[in-house]
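Here is how the chains run, residue by residue.
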Amino acid sequence: MAKTPLQFRHNGRDVAIFVDGGTNLLVALRELIGDMTPKFGCGQGGCGTCSVLIDGEIHLSCLTLAETVAGRSIETLDGMKQGPNLHPLQRSFADHFAAQCGYCTPGMLMAAKALLDRNPSPSRADVIEAISGNICRCTGYEPIINAILAAAGGRASA
């Protein structure tokens, strides 16, 4: 099978790779680019741990064909921080104990970032809706919701 050339922006930098037909974005990111921050969870689009932003919108990378992102901008958890400086959401997750086992953390952070990028002052209901596609096994969701709301409050006051 012939490989298909694929070019897109990954966390602000241009990348070019070759993918087999049917390769999903999660495999392309992890195995071909080396970005291990989107995690493999269920592989069926049910858990949200592989969530990434494509042109600012949340997508499940396990269900997204890599070829469909040609010319688009992909942001993963690795792209949130600036060097050693954590993104305010990452800091808030740490401060509010919103990450326990870490299974859901990448997807939760990407969903939260997508929300705050479009709505810097979300309500609790907005946060719950934004993270509804992500399964958390440990926290009971309250620390995650509180961390997102706290990060939004910090943005508003900054």
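It should be noted that the structure appears before, not after, this text.
Now for a quick tour of the structure. (Residues numbered from 1 in each chain as written. Predicted model: local features only at pLDDT ≥ 70, side-chain atom pairs only at ≥ 80, totals over all residues. Heavy atoms only, no water.)

## Focus on the overall build of the chain
- Across its full length, the chain holds five helices and five strands.
- Shown N-terminal to C-terminal, the secondary structure of the chain runs as helices and strands in the order β-β-α-β-β-β-α-α-α-α.
- For the chain, the C-alpha radius of gyration of 16 Å lies close to 15 Å, the compact-globule estimate for 158 residues.
- Taking the principal axes of the C-alpha coordinates as reference, the chain spans close to 50 × 30 × 25 Å.
- For the chain, buried positions account for 41% of its 158 residues.
- In the form shown here, the chain has an accessible surface area of approximately 7800 Å², with 53% of it arising from carbon and sulfur atoms. (Helix = DSSP H or I, 4+ residues; strand = E, 2+ residues; numbered from the N terminus. Rg over C-alpha atoms; globule rule 2.2 N^0.38 Å. Buried < 20%, exposed > 50% of the residue type's maximum accessible area, 1.4 Å probe, protein only. Areas by Shrake-Rupley, 256 points an atom, 1.4 Å probe, with all protein chains shown as cover.)

## Some details on the environment of Glu-142
- Mapped onto the elements of the fold, Glu-142 is located in helix α5 (residues 142-157).
- The spatial distance from the C-alpha of Glu-142 to the C-alpha of Gly-79 is 25 Å, given a sequence separation of 63 residues.

## Digging into the sheet that holds strand β4 (residues 57-60)
- Ordered by their spatial adjacency, five strands build an open sheet running β2-β1-β5-β3-β4, and the pairing between neighbours is mixed. The sheet is open, and its two edges are formed by β2 (13-20) and β4, each paired on a single side. Sheet twist, expressed as the average angle between the axes of neighbouring strands with direction ignored, equals 40 degrees.
- In the sheet, strand β1 (residues 3-10) pairs with strand β5 (residues 73-75) via two bridges, with the strands oriented parallel. Counterpart to His-10 in the pairing with β5 is Ile-74.
- With respect to the sheet, helix α1 (residues 25-33) is in contact with β1, β2, β3 (51-54) and β5, its orientation differing from that of β2 by roughly 110 degrees.
- Against the sheet, helix α3 (residues 105-118) contacts β3, β4 and β5, and its axis sits at roughly 30 degrees relative to β3. (Pairing = 2+ DSSP bridges. Axes fitted to C-alpha atoms, helices over the stretch in contact; angles between N-to-C directions. Contact = heavy atoms within 4.5 Å.)

## Some remarks on the environment of Ser-73
- Along the chain, the position of Ser-73 falls in strand β5.
- C-alpha of Ser-73 to C-alpha of Phe-8: the two residues are 65 residues apart in sequence and 6.1 Å apart in space.
- Beyond its immediate stretch of four places on either side in the chain, Ser-73 contacts Arg-9, Leu-53, Ile-54 and Asp-55.

## A look at the pattern of salt bridges
- Under the defined criterion, the tally for this structure stands at seven salt bridges.
- Close ionic contact of Asp-20 with Lys-3 constitutes a salt bridge, the shortest N to O distance being 3.1 Å. In this pair, Asp-20 is assigned in strand β2 and Lys-3 in strand β1, connecting sequence segments 17 residues apart.
- A salt bridge links Lys-81 to Asp-78; the nearest nitrogen and oxygen atoms lie 3.3 Å apart.
- Beyond isolated ion pairs, a larger network of salt bridges with shared partners links Glu-75, Lys-113 and Asp-117. (Salt bridge = Lys/Arg side-chain N within 4 Å of Asp/Glu carboxyl O.)

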